[in-house]
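Coordinate inspection notes
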Amino acid sequence: MRRAFLSLLSLMIALAVVPGTFLFSTPTAHAATVTGAYVPLTPARLLDTRTGTTPAAGSVTNVTITGRAGVPGGATAVVLNVTAVGPSAPGFLTVFPKGSARPTASNLNFTALQTVPNQVVATVGSSGAVSIYASSRANIVVDVAGYFPTSASYRGLKSFRALDTRTTVRPGAASATTVPIAGRGGVPTNGVAAVVLNLAAVNPSSDGYLTAYPSGSARPTASNINYQPKENLAGLVVTPLGVGGSVDIYSLRASDLIVDVLGWIPSGTSYVPVPAHRALDTRSNVAVAAGTSVKVPVLGRAGVPMSGVTAVELDVTAVRPTRAGYLTTYPTGPRPTASNVNFVTSRTIANSVTAKVGSDGYVNVYASATTHVVVDVVGYTAKGGSAVWGAPQQILQNGAHLTGVSCTSAAFCAAVDQNGTLTAMTTTGGWQNAIVDPWVNWTGVSCANDATCVAVGTRPIAPSRTEAVATTYDASGWSRPTAVLPHGTLDAISCPTPTFCMAVGRDSSSRGVTVQFDGSIWSAPTTTGPAALTAVSCPTDAFCATGASDGAVSTGAPGSWTTKPVIGGAVLSVSCVSESFCMATGDREATFDGTTWTYLPWSKLFHSRASCATATRCTVVGDFGGTNLYLNGGFGSPSYLSGDDTDAEMTAVSCPTTDFCAIADNNRSGSVVWRWDQPTGTLGKVVITTGEGNLRSVSCPTATFCAVANSSGYVLTGTSTGTWSVPVNLGRDDLRLSCPSDTFCAAAGRTYASMLMFSGGSWAPMPATHLTKDVSCTSPSFCAAIGSAGVSRFDGTQWGVQTRLPNGQSGSKVSCVSPTYCVAVLVATNGASSSLTWNGTTWNGLSWSGPTPITTSTISALSCAAEAACIATDQEGNAYRLTSMGWSGPTAVSSAGLSGVACPSTTWCMAVDRTGGTFVWDGTTWSVRGVVPGDDTRLSAVSCPAVNHCTAVGPSALLRTFG
């Protein structure tokens, strides 16, 4: 599954083996400090000793890496597939940087005459080469798959042994062993995307496999190591941490286990682990014939985006091959001579593969001999990335908006607000607030170091007149404001040193102005042009870049500017790391290379602001809590700072290093409705008034009628033409709707135990019931409702006798397809989910007595298209299918967490997630439909009256129509 992290890893696998025995030492890793995004290559062969002299036992073979097969001279680490072919005796290979001492570690282990491949991430040594030590005589084949261009995302550790069952209790067959990782040996307790492990099966009892996966998660069908009886086999595993910061190791057969922790991968890097999902398994069809290739779709599946992906991390397995041979993975184009998996007759063998994705979104797998092939996707490398933010910290209580923030390190930041407050954060004193003039609207702050900051702002001096002022911070506190610009405003400031700052703004005629500060005195203002200046960044005192309200950006030495139109609207931020790299943002983003400005593909953030720690890494934030990472030339998919229920308006961001950023944000709320209609594909916009609160529920019985409800009890009914009713406050919080027709709806209020119905064009109370968690109606004369204690049905006049739920169960969701078939989802006190069905007379378990288990505790939505044909989704992004055989296990659909699902037929469903992702199930598999366009894309519910026609709702006041 996650046996090799070949997208961000920088280490030499360190598993020491003495021939004739099987001993594991604590390995010494060679860290190739890498932070740049991984660059995949079409695999190419660098060494094959079978055409020359076989390396002798105890020999070292040097392999030149850089300057070959697309690996540049500046590469610090490379991803290799290293294979031992036909060894004369048991032994091992060790790969290490040329010119360095050979470690007491191995990268792959073999027995006599056994051909064994393994992937290695190797630090490049002197002369751009690596060395390979062979403990026994063996031919060596080396293929290159990619390289790391720069330095420091993988965090290598002094390896520590997390588990060795040879000294405790040997795990039995079909058992899972939990291994705590977080908080041990240098692995932090948060901010960890995945850990890198050496996993070994020692003396297994019979044929089987090991699978590593996050504790508390469902065990995937993928395997990490396939072993045979009495065989000692090890491999590299990359897996996210689960409950308690632990991983689980499942063994099909009784076997001792050894787990060494080699390092960890920070959150927010360009490598994104995903729950393992099976992209190909020919065992259910026809084996791959000798000399042929099979195309494997890898994009838009189970958390892998449709675009912005440079490589995918795969587990590739050859199953029951008819003769000895090999598998080769490659992108679009000619097949390379490299191999990834080498196998012998009838032996199942697997290897981790970092595969470059072809231009068509596929990876090809070639088989030299007839064999079944299994491919599992466990992660991907994004061209950009996504940031992972900590919990927000309330630093001011006056209700004002933060307008600026500047950080010199993770230990020191300063921030300012509109109500005269200045604040600084230190490691010893927390946030220290000061108000030196309550009339100042502070607009910007810049810190050269943790003892020198300058803030600028504007204060009134007479009716309709203002002046720009500045204050300095010297670790003892903030100075009294000094008038800098009479009859004008300053909106931004940049201080690269304690003796140079440049502030920008506008004069009384709204012309752009700059002023400079030498640590003691402010200069007279200099007029720059007709447009007000809105942003500034100075990496040195000899170079600055400014942005203007008309979208122009000026670069050069202060006072000697080159001005070009760059951004369509106002420039909201400029961030420069040197004279040869800047980023400007606003309604779109552009970068500067020292000569020209170039537009970037849109970050999908509105009103974006950026802070660049390096020329290859910028953090971009925007309205509605959106964040994105620019990595090595492109953006990844946006993520959201504040979750589903809180919008955050990011007004400033500061990133002094690649590992730390701080943002200033302001909260606001609203509601948005999205309509999606595939056949026509046209987009319109209708503004509607919904009252306070975020839209949470939608129900559309036809393509021309919908009802929507928000979290504050307002409901509206409307049509696709944009004609919506006046919002009605029903006095019930967090309503859930069900409309079987355009003349009848039922609404359940979660906070108050009551139901309401829409009939004849108006809303009125329904007969009383205490079951208000969810409601589903098939006609005006049949509804089913579920609550904390029971389920019941409505016959058009009254609610029937409540059926109490089993002890310890609470109702959650209900979906009905007829008066004689409904499914209800329950949640037990221990967090497990289950379901019951209504057969027209009683509520029963599905295929055996009692509730039918569902392997999740966070069901978010339920939709049934017919009897025994339902889909449920959970907040972890999984989908579950109900058939006559019961509930399936989880299928990973979205990494953002699914919030709604609707199934108008048994072979078509649409699910939506919390970041605007939409996904379609075709009766067999889930695929990515895309992300809804616009500023705030979050979705919380979806309703589909017909195939290819859906309406989804989420927070903000726009109605988007497709059709």
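Residues numbered from 1 in each chain as written. Predicted model: local features only at pLDDT ≥ 70, side-chain atom pairs only at ≥ 80, totals over all residues. Heavy atoms only, no water.

Here the focus is the state of the cysteines. By definition, a disulfide links the sulfur atoms of two cysteines through a covalent bond. Counted according to the given criterion, the structure contains 9 disulfides. In this model Cys864 forms its disulfide with Cys870; the gap between the sulfur atoms is 2.0 Å. Where Cys864 bonds to Cys870 through sulfur, the torsion about that S-S bond is close to 105 degrees, and the disulfide is right-handed. Across this residue pair, the class does not change: Cys864 and Cys870 are buried. (Disulfide = S-S within 2.5 Å. Buried < 20%, exposed > 50% of the residue type's maximum accessible area, 1.4 Å probe, protein only.)

On to the nonpolar core. Buried together is how nonpolar side chains tend to be arranged in soluble globular proteins. If you look at the biggest cluster of nonpolar residues, it comprises 29 residues, and the most contacted ones within it are Val298, Val304, Val312, Leu314 and Leu327. Secondary structure elements with two or more residues in this core: strand 17 (271–281), strand 18 (292–297), strand 19 (309–319), strand 21 (341–343), strand 22 (349–356), strand 23 (362–367) and strand 24 (372–382). By size, the runner-up hydrophobic cluster in this structure holds 26 residues, among which are Leu46, Leu47, Ala75 and Ile140. (Core = buried A, V, L, I, M, F, W, Y, C linked by side-chain atoms within 4.5 Å. Helix = DSSP H or I, 4+ residues; strand = E, 2+ residues; numbered from the N terminus.)

The next thing to look at is the pairing of strand 30 (residues 452–462). Where strand 29 (residues 441–449) and strand 30 come together, 7 bridges link them in antiparallel fashion. Looking at the pairing, Trp442 lines up with Gly457 of strand 30. The loop that links strand 29 with its antiparallel partner strand 30 comprises 2 residues. Across 9 bridges, strand 30 lies against strand 31 (residues 465–473) in antiparallel orientation. Among the inter-strand pairings, Cys453 is bridged to a residue of strand 31, identified as Tyr473. With antiparallel pairing between neighbouring strands as the criterion, strand 30 and strand 31 make up a hairpin whose turn holds 2 residues, including Ser464 at a positive phi of roughly 65 degrees. (Pairing = 2+ DSSP bridges.)

A few words now on the packing of aromatic side chains. Scanning all chains against the criterion turns up 9 aromatic pairs. Between the aromatic rings of Phe592 and Trp597, the centroid separation amounts to 5.1 Å while the plane-to-plane angle is 35 degrees, which identifies the pairing as tilted. Among the residues examined, Phe592 registers a relative accessible area of 5% and is labelled buried. Take Trp597: its relative accessible area is 16%, and that puts it in the buried class. Connected via pairs of aromatic rings, a cluster forms that spans Phe581, Tyr630 and Phe635. The ring of Tyr133 has Arg102 sitting right over it, with the charged end atom 3.6 Å from the ring centre. Cation over ring: Lys295 sits above Tyr362, and NZ or CZ is 4.9 Å from the ring centre. (Phe/Tyr/Trp six-rings, centres within 6.5 Å; stacked < 30°, edge-to-face > 60°. Lys NZ or Arg CZ within 6 Å of the ring centre and 35° of its normal.)

Low pLDDT marks regions whose predicted coordinates should not be analysed in detail. Here the chain averages 76 in pLDDT, while 75% of its residues score no lower than 70. In the predicted structure, residues 668–690 sits below a pLDDT of 50 and forms 104 contacts with residues beyond four places in sequence or in another chain. Below a pLDDT of 50 lies the segment residues 750–754, which in the model reaches 20 contacts outside its immediate sequence neighbourhood of four places, other chains included. (pLDDT = per-residue confidence, 0-100. Contact = heavy atoms within 4.5 Å.)

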